Amino acid sequence: MTSSLRIRPPAADALRDAIRQNGGNELFAIGDVEDGEMTGVTVTCRGQEDRVTALLDRPRAGQVVVHNHPSGDLTPSDADMELAGFYGQHGVGVVIVDNAVTRANWVVEPHDPKLVVLDPDAVVRVFREGLPQAIQGFEAREQQVEMALAVTAALNDGRPLVCEAGTGTGKSLAYLVPAAMWALANERKVVVSTFTRTLQAQLMDADVPTMLRAGVQARVELLQGRNNYLCRRRLGLALDDTKDEEATHAVLQTVETWSGTTADGSRLDLPVELDGELWSRIRSDSEMTLRARCPHFAECHYYRSTRRAAAAHVVIVNHALLLADLSLREQIGQGVLPKYDRLVLDEGHHLEDAATGAASESVTFEGVRQALAPLLDRRRRKGVLTRLAQDHLTGSSKLRVEDQERLEVALPAARERAEDILQAGQDAMASLAVVLPESGTAVRFTRADEDGPLWKEDVEPTLRTLAHQLDEGAEALDDVLHVFEDVGLPPERMEAVLQARRSRSRLMGLADRVRSFLVHDDGHARWLEPAWKRSGEPATAGAVRAPVDVDATLQRILWSPLKTVVATSATMTVAGSFAHFRKRTGLHHADELVLPSPFDHATQAMLGLPRDLPEPNTPAFMDDTARAVVDAVRVSGGGAFVLCTSYDAVRRYADALRRAGVDGVLAQGEGERTALLQRFMTSRSSVLVGTDSFWEGVSVRGDALRLVIVPRLPFRVPTDPLVQARTEAIQAAGGDPFRQYTLPEAVLKLRQGYGRLIRSRTDTGVVLLLDRRVHSRGYGRIVLASLPPARRVKGPMRWVLQSMDGFYRPG
């Protein structure tokens, strides 16, 4: 029995705050332990003065059960010793703390047993015996088994693995089965991270049930970012606030009914469509939580999801949540995810973009509006400042007279500042929009630009003034919030105070972002770009700051601290090499595996490569390729994707097809993505012309898609500020930006576009690449070497069309 604290500050702060929020009563938590110290805690249940609820979740070996003694006497009771005896035999420690979390009694030390080596033969049996029983007609694919064995070795040996698995390999089950089996054998946790919600849905709705039917009885949970969950307490407040708004109130009543039956309270499962503003009023929010004081704590959708995740063997998240967790773990020692030992990164080719997005900052008028809008009155709704006056400038207020007098002065001042800043924010960002080109492109700023008149006379003074105004708004809210620092308010009176705190936090964050934008940093790119605006409002600009490179960051927060990271995707290599992925993501050492698609591309697909079309930088390119697109679609009879690199190209190719009398032309921007896909799949003659969102993540099996046309290689726009900054960084280091960045990125995207065509063993079709630079430029060999081994037809366009006709109508 030891008495030193051995709780790291972030964990102690979290535990101390939870005890305070619980009114000083007894509560239980599960603590993670590293190097003999508690590094993080998850509150699992709270007690009352006369009783303590049983633990809701089961801790794992190596963790501790921690609870407080409100009396301050840390001597274990008979119940504590019974608890210690039960958990101790399972390797779980027991710790008692005082309410201030300044003293701790480690009644039982945790024991972390040696890791169990997962038997590769047991993994193979699941694929050879279990899955055929779970799926009628299932036959284990050799590539799938080989990948599963490679993942097994990485999990057992604690090594990183990069694995490219071609379409049809079945990579989801190839990593999910060994991950779940390893977690089961070791009573540890494996996190699986995806880039898209589509893949998360596939894993939870298809792959996990299949794995369970195959006999791998692991517990798998999906955990989303907090803002994706409904808050029951805030929903109740919103229902009260909207009693006079019949339509809105009816919608919220539907949500209330759903809240009692939903499995996880996720926005993805809502029975009605909610706009962003209404959802923001009822969603879970880290800045709006009462934690253990909340009357709905035990049934809170978010905390229930985190508790389920804490008890799961496999937790499925997205890259954004994973990166937030990794960043917090580096900064404060505790993240937002439960402790995990191994990680699988699916859709790994998006890792650099995800890390860039996570580290980017932007300042827009919409952001200023979202920070300030809750404070101010609207037509049908009282703002936070009015509600604070109604609640606390009355005879029933708990505030002292002198505090009421302070509040009576502070509230009108805060309201005036908020109204002034709202207008000033719009004026500032509208004035910056004037400097943007009429084409709508961005304007980048380097250190050299800071000596120019645009920066000195327009950008810097405007943003510096805005930062000062945002600071003043935060200070005005400070004057309001200081009044409530030592006042114990009931939960129903806390909402307005919490919203004021959140507005202050957002104003401070925006001011910090503005100041960061004004300071040059070689590691970041800065630019102004057109910002989204509401109808009837003036155009405004957004100020964006993003990291030029994320390799060092990923090496520090991802590859270095985690023993096993399996990164996988269908498109990770360029001409068979992982060099580009490793360089851009900071991966120094890893096992490598490339598994080709099990589909027979040589007989299922044809790659058309016409030589006689003009290059993209010539005036005739658009007209000539438009004629080629029309001719090819006529040969295929529709069933075509035309994958473009700009919205202008989408419009022009769609117009050309319609002028030629082609039926069923669907163009991105003329409808919601899912609706366009549904319409495409219901007609055999449809042609879908799209850009970025249709290059990947779209799976159309069968005869509905039999032609994919790529008019030009998907090089990133050279005027993009981040592309420019990365190009300059590579040049400064003595490298070749085209070979090291521009070309590999284009190849990977082309491979994704190509991958839309063959999605099963029975699919057939043609990919038509109209960009003649694959013939006329030396890098064409790298491009073609990266594509699947389809039958290739090179020559004049008429030859390619004849070959297409023979492919579709053999004999």
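Asks: Would you explain the overall build of the chain in this entry?
Replies: Helix and strand content of the chain: 28 helices and 24 strands. Computed over C-alpha atoms, the radius of gyration of the chain comes to 29 Å, within 12% of the 28 Å expected from 2.2 N^0.38 for 811 residues, which places it in the range of a compact globule. Along the first, second and third principal axes, the C-alpha atoms of the chain reach 90 × 70 × 55 Å. Considering the chain as a whole, with its 811 residues, one finds that 54% of them fall into the buried category. Residue pairs at least 24 apart in sequence account for 76% of intrachain contacts in the chain once pairs closer than 6 positions are excluded. Total accessible area on the chain stands at roughly 34900 Å², and carbon and sulfur atoms take up 49% of it. Across the chain, the 98 positively charged side chains and the 108 negatively charged ones have centroids separated by 5 Å.

Asks: What exactly am I supposed to notice about the sheet that holds strand 12 (residues 361-363) here?
Replies: Sheet strands line up and pair through hydrogen bonds in the backbone, either parallel or antiparallel. With respect to topology, 4 strands assemble into an open sheet ordered 12-15-14-13, the strand pairing being antiparallel. The open sheet has two free edges, formed respectively by strand 12 and strand 13 (443-445), since each of these has just one partner strand. Ignoring which end each strand starts from, the neighbouring axes of this sheet average 20° apart. As defined by bridge partners, strand 13 adjoins strand 14 (residues 524-530) across 3 bridges and the pair is classed as antiparallel. Bridge assignment links F445 to a residue of strand 14, and that residue is R526. With respect to the sheet, helix 16 (residues 453-481) is in contact with strand 13 and strand 14, its orientation differing from that of strand 13 by roughly 105°. Most of the contacts of helix 24 (residues 721-732) go to strand 14, to which it runs at about 160°, and overall it touches strand 13, strand 14 and strand 15 (541-547).

Asks: Would you explain helix 13 (residues 365-372) in this entry?
Replies: An α-helix turns once every 3.6 residues. As a result, residues three or four positions apart point the same way. With 6 of its 8 residues buried, helix 13 lies for the most part within the structure. Where helix 13 is buried, its residues meet helix 15 (401-433) and helix 17 (495-518).

Asks: Would you take a moment to explain unusual backbone geometry for this structure?
Replies: The bulk of non-glycine residues show a negative phi, and the bulk of peptide bonds are trans. The phi dihedral of R6 is positive, around 55°, even though this residue is not glycine. Examined against the element boundaries, R6 turns out to sit in the segment before helix 1 (9-21). At V101, a residue that is not glycine, the phi angle is positive and equals roughly 50°. As for its placement among the helices and strands, V101 is situated in the loop between strand 5 (93-97) and strand 6 (104-108). Take V101: its relative accessible area is 1%, and that puts it in the buried class.

Asks: Could you clarify how one ought to interpret empty space enclosed by the protein in this entry?
Replies: In this approach a probe as big as a water molecule rolls over the atoms, and the regions it shows empty are the leftover space. In the structure shown here, the tally under the stated rule is 7 cavities of 30 Å³ or more. Counted as a void, the largest cavity has a volume near 210 Å³. What lines the largest cavity is a set of 15 residues, and nearest its centre among them are D32, R60, A61, Q63 and K339. Each residue belonging to the lining of the largest cavity can be placed in one class, and the counts come to 4 nonpolar, 3 polar and 8 charged.

Asks: Help me understand the packing of aromatic side chains in this model?
Replies: Each aromatic ring pair is specified by the distance between its two centres and by the angle formed by the two planes. Per the stated rule, a full pass over the model turns up 12 aromatic pairs. Centre to centre, the rings of W455 and F517 are 6.2 Å apart; their planes meet at 25°, and the pair counts as stacked. Note that W455 is positioned in helix 16 and F517 in helix 17, a separation of 62 residues in sequence. This pair shows no difference in class: W455 is buried, exactly as F517 is. Each ring, one from F715 and one from F738, has its centre 5.7 Å from the other, and the planes form 45°; the classification is tilted. With F715 in the loop between strand 22 (707-710) and helix 24 and F738 in helix 25 (residues 737-754), the pair connects residues that are 23 residues apart, well separated along the chain. Grouped by ring-pair contacts, the aromatic residues Y229, F297, Y302 and Y303 constitute a single cluster. When the ring centre of W106 is taken as origin, the NZ or CZ atom of R6, which lies over that ring, is 3.9 Å away.

Asks: I'm lost on the nonpolar core in this one. Help?
Replies: A general tendency of soluble globular proteins is for nonpolar side chains to be buried together. Among the nonpolar cores identified, the biggest contains 109 residues, and L15, L463, F484, L558 and W559 are the most heavily contacted of them. Residue contributions to this core peak at 11 residues, all from helix 16. Look past the residues within four positions of W559 in its chain and what remains in contact with it is L351, L554, V565, A567, F581, T585, G586 and L587. Grouped together as the second largest cluster of nonpolar side chains are 45 residues, V145, A174, Y175 and A218 included.

Asks: Help me out: how do you make sense of the sheet that holds strand 10 (residues 314-318) in this one?
Replies: Across the sheet, 7 strands lie side by side as 9-10-8-11-16-7-17; this open sheet has parallel pairing. The open sheet terminates on both sides in strands that have one partner only, identified here as strand 9 (220-222) and strand 17 (591-595). Put simply, the sheet's adjacent strands are angled 15° from each other on average, direction ignored. In this structure, strand 11 (residues 342-345) lies alongside strand 16 (residues 564-569), joined through 4 bridges in parallel fashion. Counterpart to V344 in the pairing with strand 16 is V566. The strands that helix 4 (residues 142-157) touches are strand 7 (161-165), strand 11, strand 16 and strand 17; relative to strand 17, the one it contacts most, it runs at about 170°.

Asks: For this particular structure, what's the right way to read the side chain of H69?
Replies: For H69, the position within the fold is in the loop between strand 4 (64-68) and helix 2 (78-88). Among the polar contacts listed, one links the side chain of H69 to the backbone oxygen of D73, at a separation of 2.7 Å. Beyond its immediate stretch of four places on either side in the chain, H69 contacts E26, L74, T75, P76, D80, I96, V97, D98 and N99.

Asks: It is not clear to me how the packing of helix 3 (residues 120-134) against helix 5 (residues 171-186) should be interpreted in this structure. Could you clarify?
Replies: Packed helix pairs are characterised by how far apart their axes lie and by the angle those axes make with each other. Running from N to C, helix 3 and helix 5 point in directions that differ by 120°, and their axes come no closer than 10 Å. Between helix 3 and helix 5, the interaxial angle falls into the category oblique. Remark: the crossing between helix 3 and helix 5 carries right-handed chirality. Where helix 3 approaches helix 5, its residues A122, V123, V126, F127 and L131 are matched on the opposing element by L173, A174, V177, P178 and M181. Among the residues making up the contact of helix 3 with helix 5, the classes are represented as 10 nonpolar, no polar and no charged.

Asks: Can you walk me through the confidence of the model for the chain in this structure?
Replies: For residues with low pLDDT, the predicted coordinates do not support detailed interpretation. The predicted model of the chain averages 93 in pLDDT, with 98% of residues at 70 or higher. For the stretch residues 48-56, pLDDT sits under 50, and the model shows 18 contacts to residues farther than four places along the chain or on other chains.

Asks: Is there a simple way to explain the pattern of salt bridges in this structure?
Replies: In a structure, side chains of opposite charge can pair up when their charged atoms sit close to one another. Scanning the entire structure with this criterion turns up 57 salt bridges. With a shortest N-O distance of 3.0 Å, R584 and D549 are connected by a salt bridge. Remark: D549 occurs in the loop between strand 15 and helix 18 (551-559) and R584 occurs in helix 19 (residues 579-585); sequence separation between them is 35 residues. Since its relative accessible area comes to 6%, R584 is described here as buried. Relative accessible area serves as the criterion here: at 34%, D549 is assigned to the partly exposed category. Members of the salt-bridge network, linked through shared partners, are E352, D549, R584 and R726.

Asks: Looking at this structure, I do not really get the environment of A298. What am I missing?
Replies: Position of A298 among the secondary structure elements: in the loop between helix 9 (276-282) and helix 10 (301-311). In this structure, the C-alpha to C-alpha distance between A298 and T44, residues 254 residues apart in sequence, is 8.5 Å. If we skip the residues at most four places from it in the chain, A298 touches R304 and R307.

Asks: For this particular structure, what's the right way to read the environment of E164?
Replies: The residue E164 is located in strand 7 in this model. By relative accessible area, which is 5% here, E164 ends up buried. Remark: the alpha-carbon pair of E164 and T568, spanning 404 residues in sequence, is separated by 5.6 Å. Setting aside anything within four residues of it in sequence, one finds E164 in contact with S569, A570, T571, M572, T573, F578, L593, V594, L595 and R751. Among the polar contacts listed, one links the side chain of E164 to the side chain of R751, at a separation of 2.9 Å.

Definitions and limits used
Residues numbered from 1 in each chain as written. Predicted model: local features only at pLDDT ≥ 70, side-chain atom pairs only at ≥ 80, totals over all residues. Heavy atoms only, no water. Helix = DSSP H or I, 4+ residues; strand = E, 2+ residues; numbered from the N terminus. Rg over C-alpha atoms; globule rule 2.2 N^0.38 Å. Buried < 20%, exposed > 50% of the residue type's maximum accessible area, 1.4 Å probe, protein only. Contact = heavy atoms within 4.5 Å. Areas by Shrake-Rupley, 256 points an atom, 1.4 Å probe, with all protein chains shown as cover. Lys, Arg positive; Asp, Glu negative; His and termini not counted. Charge placed at Lys NZ, Arg CZ, Asp CG, Glu CD. Pairing = 2+ DSSP bridges. Axes fitted to C-alpha atoms, helices over the stretch in contact; angles between N-to-C directions. 1 Å grid on protein atoms, 1.4 Å probe; cavity = no way out; pocket = protein on both sides within 12 Å on 5 of 7 lines; lining within 4 Å. Points joined across faces, edges and corners; volume = space filled by probe spheres on them. Nonpolar A, V, L, I, M, F, W, Y, C, P; charged D, E, K, R; others polar. Phe/Tyr/Trp six-rings, centres within 6.5 Å; stacked < 30°, edge-to-face > 60°. Lys NZ or Arg CZ within 6 Å of the ring centre and 35° of its normal. Core = buried A, V, L, I, M, F, W, Y, C linked by side-chain atoms within 4.5 Å. Polar contact = N/O pair within 3.5 Å; in protein donor to acceptor, adjacent residues only side chain to side chain. Parallel < 35°, antiparallel > 145°, perpendicular 65-115°, else oblique. Left-handed = near helix turned anticlockwise from the far one by under 90°. pLDDT = per-residue confidence, 0-100. Salt bridge = Lys/Arg side-chain N within 4 Å of Asp/Glu carboxyl O.

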